[in-house]
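# Coordinate inspection notes
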Amino acid sequence: MLKVIKANDGYLITDSESGFEKLYSVKTNLIDLNSVDSLEELSVYAIYTWGVEHVNLTGLDVRAIKETFIQMQRVFDDFPFIKGTLKSVLHKDMQYMMSFLPVDSMTKGEIYFNSIHYKDISRIEKIYETETLIGGAPVGTKFQHAGIHEMGHLVMLAILNNLHSDSNVVEEHWLTNIETSKIVDEAYDALFNDVTSVEKLREFVENSEGMTSAEVAIIFKKFGRVAGKAMLVAEISSYATEDAHEAIAESFSDVYGNNDLIVSFGQVIGEAFLDFYSNSINSCVLSKHILQVVNERSR
Ligand SMILES: [Zn+2]
C-alpha cells in the first residue's frame, strides 16, 4: 500500500509492499516527469503536480504509465483550470484500455488503467494498435494518447461544473449529452458555414477522382446536415460515433496524438481545410474544430 505523508518541505513516500521509502523535497526535481523511473515516483507526481488524492498503480508497467502521464500533462498545461479535479488514478479489471468516471457529486473525475493490459507496455501497444485499425481510436495515435482521451472527459466535466453550480444539472448534462452535442454541432457549423471553404471544397471535389467519406459528407451537406455531421464524426474514429462525449474525447486524442497544437485553432477555416486535404497525417478537420469550441468554452 503506497502512502504519501506530507513532510516539512516535501513528501515522504512509503510502499509497504515493495519496501520503497523516499523523501521528496518540493524544492528539488520532483516535477521532471522525464526523469521519473518508478511507479512510486509517478504516484507522487500525480499527487503533487495534478492534485490527485488517490493513486494506485501497483503492478503496472512503469514505462507505459510514464508515457501516458507525459501525454496527460499536456492537457493539464493547456487547460490549467482542471488542476485538482482529477481525484484518483487507479487500475481495474475491465473491458476498456482506460476509463473515466465522474465522482463526488459530479465535481471530480477518476481515471482507470486496465489492470491486465498495462502490466506490459508491449501488450498495451499491440492492443491499442489493433483498436486503431478497427476504429476504436483515431488513426495516427498511440497507446499513450488513450490518456489524452480520458483527459478530454475530465476537461468536459470541469467545463460543465463551470457552467452550472447545481450538481443535478451537471449530472443531467453529463448523462444526456446536452452541452457536448452543442459543442460538436457548433464545430460542425463553423466548418460548413464558411463560404470560402465551401468554394475550396467544391473545387477540390471537382478535381479529385477518389473521395473520402469526409468529402462525400460535404456533398451530403446539400442533402442534410445530420448525415454530413455523422460522417465527419465517423472520420475521427468509429468510437467517436458512440455519443457526443466520445466524439469530444476522441477529438482530444486525435488532435494531441497527431501533434496539431492548440495554437492552430487560430487558423482560418480555409487553412484547416487545406491541411485536411493535403496528404500529411493530421488530425481530422472536425476534431480540430471540436477542440477549438471546447477551448472557447473553457475560458
Ligand atoms: Zn471515452
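Everything numeric in this text was worked out from a predicted model, so none of it was measured. (Residues numbered from 1 in each chain as written. Predicted model: local features only at pLDDT ≥ 70, side-chain atom pairs only at ≥ 80, totals over all residues.)

A separate point is the overall build of the chain. Across its full length, the chain carries 12 helices and seven strands. Taken over 299 residues, the chain has a buried fraction of 43%. Counting only contacts in the chain whose residues sit at least 6 apart along the sequence, the fraction spanning at least 24 positions is 61%. (Helix = DSSP H or I, 4+ residues; strand = E, 2+ residues; numbered from the N terminus. Buried ≥ 20, exposed ≤ 12 C-beta atoms within 10 Å, placed from the backbone. Contact = placed C-beta atoms within 7 Å.)

Within the chain, D104 stands out as a residue other than glycine whose phi angle is a positive 50°. Looking at where D104 falls in the secondary structure, it is placed in the loop between β6 (98–103) and β7 (108–114). Residue N177 is not a glycine yet carries a positive backbone phi of 65°.

Now for the environment of I116. Note that I116 resides in the loop between β7 and α3 (121–133). Sequence separation between I116 and L60 is 56 residues, and the spatial gap between their C-alpha atoms is 8.2 Å.

Moving on to helix α10 (residues 244–257). An α-helix turns once every 3.6 residues. As a result, residues three or four positions apart point the same way. A rise of 1.5 Å per residue sets the reference length of α10, with its 14 residues, at 20 Å; its end C-alpha atoms lie 19 Å apart and thus fit the reference within 8%. Of all the 14 residues making up α10, 14 are buried; the element is thus mostly covered by neighbouring parts of the structure. Two residues or fewer past α10, N259 is found with a positive phi of approximately 55°. (Expected span 1.5 Å × (residues − 1).)

This part takes up the pairing of β6. Burial along β6 is one-sided: M98, F100 and P102 are buried, and none of S99, L101 and V103, which face the opposite way, are. Relative to β7, β6 is paired through six bridges, and the arrangement is antiparallel. Paired with V103 across the strands is K108, a residue of β7. Counting the residues in the hairpin turn of β6 and β7 gives four residues, including D104, whose phi is positive at 50°. (Pairing = 2+ DSSP bridges.)

Taking strand neighbours across the sheet as the criterion, the four strands line up as β4-β5-β7-β6 in an open arrangement whose pairing is mixed. Looking at which strands have only one partner, the edges of the open sheet turn out to be β4 (54–55) and β6. Pairing geometry for strand β5 (residues 86–92) and β7, over six bridges, is parallel. Bridged to L90 within β7 is Y112. Helix-sheet contacts for helix α4 (residues 146–163) involve β5, β6 and β7, and the interaxial angle to β6 is about 15°. (Axes fitted to C-alpha atoms, helices over the stretch in contact; angles between N-to-C directions.)

On to the nonpolar core, then. Counting residues in each nonpolar core, the largest one holds 70 residues, and the members touching the most others are V155, V184, I248, L286 and I290. In terms of residues, this core owes the most to one element, α4, which gives 10 residues. In this structure, this core is formed jointly by two domains, domain 1 (2–160) and domain 2 (177–297), each of which donates at least three residues. Among all residues touching V155, those that are not within four sequence positions of it are V75, F79, I82, V294 and S298. (Core = buried A, V, L, I, M, F, W, Y, C linked by C-beta atoms within 7 Å. Domains from an automatic or database assignment.)

What follows is about the confidence of the model for the chain. Mean pLDDT for the chain: 80, with 74% of residues reaching 70 or above. Contacts for the low-pLDDT stretch residues 261–281, under 50 throughout, to residues beyond four places or in other chains number 28 contacts. (pLDDT = per-residue confidence, 0-100.)

Turning our eyes to something else, we now look at the packing of α10 against helix α12 (residues 285–297). Interhelical geometry of α10 versus α12 gives an angle of 110° and a closest axis separation of 8 Å. In terms of axis orientation, α10 runs roughly perpendicular to α12. In this structure, α10 contributes A247, I248, S251, F252, D254 and V255 to the contact, and α12 contributes S287, K288, I290, L291 and V294. Taken together, the residues of the contact of α10 with α12 break down into seven nonpolar, two polar and two charged. (Parallel < 35°, antiparallel > 145°, perpendicular 65-115°, else oblique. Nonpolar A, V, L, I, M, F, W, Y, C, P; charged D, E, K, R; others polar.)

This part is about the packing of α4 against α10. Put simply, α4 and α10 touch, their axes get as near as 8 Å, and they point 125° apart. Comparing their axes, α10 and α4 come out oblique. The interaxial crossing formed by α4 with α10 has right-handed handedness. Listed contacts from α10 to I148, H149, M151, G152, H153 and M156 of α4 are H245, I248, A249, E250, F252, S253, Y256 and G257. Taken together, the residues of the contact of α4 with α10 sort by class into seven nonpolar, six polar and one charged. (Left-handed = near helix turned anticlockwise from the far one by under 90°.)

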